[in-house]
Amino acid sequence: MPRQVEVEASRRFRRRWLLASGVALAAAIGLIILGLNVFKERPRVIEHGPRDRPEIALTFDADMTRAMAARLKSEQVRSWYDPAIVRELQETGTPATFFVTGLWAMTYPDVVRLLAGDPLFEVENHSVDHAAFTANCFGLPVVPSDSMKRWEVSRTATLLTSIAGVTPRYFRFPGGCYDRRDLQIVHSLGHEVVGWDVISGDAFERDPAVIVQNVLETVQPGAIIVMHLNGAPHAPATATALQTLIPALRTRGLRFVTVRDLLRGSSSPGR
Ligand SMILES: [Zn+2]
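A. Spotlight on the overall build of the protein chain. For the protein chain, the count of helices and strands is 10 helices and 9 strands. Considering the protein chain as a whole, with its 271 residues, one finds that 38% of them fall into the buried category. At a minimum sequence separation of 6, the contacts of the protein chain that also span at least 24 residues come to 81%.

B. Broad picture of the environment of F121. Tracing the sequence through the fold places F121 in strand β4 (residues 121-125). Between the C-alpha atoms of F121 and L89, which are 32 residues apart in sequence, the distance is 9.3 Å. F121 has contacts with P95, A96, F98 and L115, leaving out every residue within four places of it along the chain.

C. Geometry of the pairing of strand β3 (residues 96-100). Among the 5 residues that make up β3, 5 are buried, leaving the element largely enclosed by the rest of the structure. Burial along β3 is two-sided: A96, F98 and V100 facing one way and T97 and F99 facing the other are all buried. Sheet topology note: the strand β2 (residues 55-62)/β3 ladder contains 4 bridges and is parallel. Across the sheet, T59 pairs through a bridge with T97, a residue of β3.

D. Up close: unusual backbone geometry. Here the bond from A232 into P233 is cis, since omega is 5°, no more than 30 degrees from zero. Looking at where P233 falls in the secondary structure, it is placed in the loop between β8 (224-228) and α9 (238-251). Notably, E75 is not glycine yet its phi reads approximately 60°, a positive angle. Here E75 is to be found in the loop between α2 (66-73) and α3 (83-91). Since 7 C-beta atoms lie within 10 Å of it, E75 is described here as exposed. The phi dihedral of H130 is positive, around 55°, even though this residue is not glycine. Note on placement: H130 falls in the loop between β4 and α6 (146-164). When the 26 C-beta atoms within 10 Å are taken as the criterion, H130 is described as buried.

E. Quick look at the pairing of β2. A large share of β2 lies buried, amounting to 8 of its 8 residues. Residues E55, A57, T59 and D61 point to one face of β2 and I56, L58, F60 and A62 to the other, with burial holding for every one of them. Here β2 pairs with strand β9 (residues 255-256) via 2 bridges, running parallel. If you follow E55 over to β9, its bridge partner there is R255. Looking at chain direction, β2 and β8 are connected through 5 bridges and run parallel.

F. Quick look at the nonpolar core. The biggest cluster of nonpolar side chains holds 59 residues, and the ones touching the most others in it are F98, V100, V112, L160 and I225. The next biggest cluster of nonpolar side chains, apart from the first, holds 7 residues, and it includes A131, A132, L140 and Y178.

G. Spatial organisation of α6. Taking 1.5 Å of rise per residue, 19 residues should cover 27 Å, and α6 covers 27 Å from first to last C-alpha, within 8% of that figure. Listed as buried for α6 are K149, E152, V153, T156, A157, L159, L160 and I163. Elements in contact with the buried residues of α6: β3, α4 (102-107), α5 (109-117), β4, β5 (170-171) and α7 (180-188). Just beyond α6, the residue with positive phi is G165, at close to 70°.

H. Focus on the environment of I199. Turning to its location among the elements, I199 is positioned in strand β7 (residues 198-199). A sequence separation of 25 residues divides I199 from I224, and the C-alpha atoms of the two residues are 8.7 Å apart. Apart from residues lying up to four places away in sequence, I199 is in contact with N214 and V226.

Calculation criteria
Residue positions within a chain follow its written sequence, with the count starting from 1. The predicted origin of the model limits local features to residues at a pLDDT of at least 70 and limits the giving and counting of side-chain atom pairs to 80 or more, whereas totals for whole chains, interfaces and linings rest on all residues. Helix and strand definitions follow DSSP, with helices as H or I runs of at least four residues and strands as E runs of at least two, each counted in order from the N terminus. Backbone-placed C-beta atoms define the burial measure: a residue is buried with 20 or more other C-beta atoms within 10 Å of its own, exposed with 12 or fewer, and partly exposed in between. The contact criterion used here is simple: two residues whose C-beta atoms, placed from the backbone, lie within 7 Å are in contact. Two strands pair if DSSP finds at least two bridges between them. What makes a nonpolar core is a set of buried Ala, Val, Leu, Ile, Met, Phe, Trp, Tyr and Cys residues, with links drawn between C-beta atoms within 7 Å. Multiplying 1.5 Å by the residue count of a helix minus one yields the expected span of that helix.

Spelled out as structure tokens, the structure:
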């Protein structure tokens, strides 16, 4: 009987449709849960600390590419370390964090020990030779493979431990260049990635007033400020800028802390 067949077919259709939509709904819920987990567990780059405390972190990169090491060796450059920076920090009792490359640490082991031994300071990891983790990064040579990327991180950690007895917990990418996979590599080696949210612009800047202005224009509570420890010719005005910058920031009610202290007790330091 055609009518009954029709009714049967429509029931079957409805049952299938209900089943199919049930499966689709379950799949959607599953994907959402998975998505939330991936989001939660995805390694982050810490670019600043909590905004609700008047604390900021001065950070200094001690860069040393292989080309810089060669220029030092051939005496084209006198030094890649400006002691006036550390003197200024110590005389003003200003905490700071130093992201040190392995080549720099091997060149200036006494300075690394000095920094590590001063409770004002913190020494962290900035790769072995300041090669870039991605292409087209300020003209830096590129680390050629994942295993070499792992070496860049772990070799520097080992060096800093053997030279100064410190165990770095933060890594800063040379030039700030990375992709998602690089984040996973660094995290798998027990380091958190620290970037910055305030660019002092001290690289190749001769006018300390420009550096001071760059920072004062963009600083806010929780800021991580990036500067360089290299001195002239790469960062000729950093030390002079600090003479103005440190009191100016304190006048604004901001307090200097190391990155470690900036991030203390903060489960979600944010980007
Ligand atoms: Zn650097």
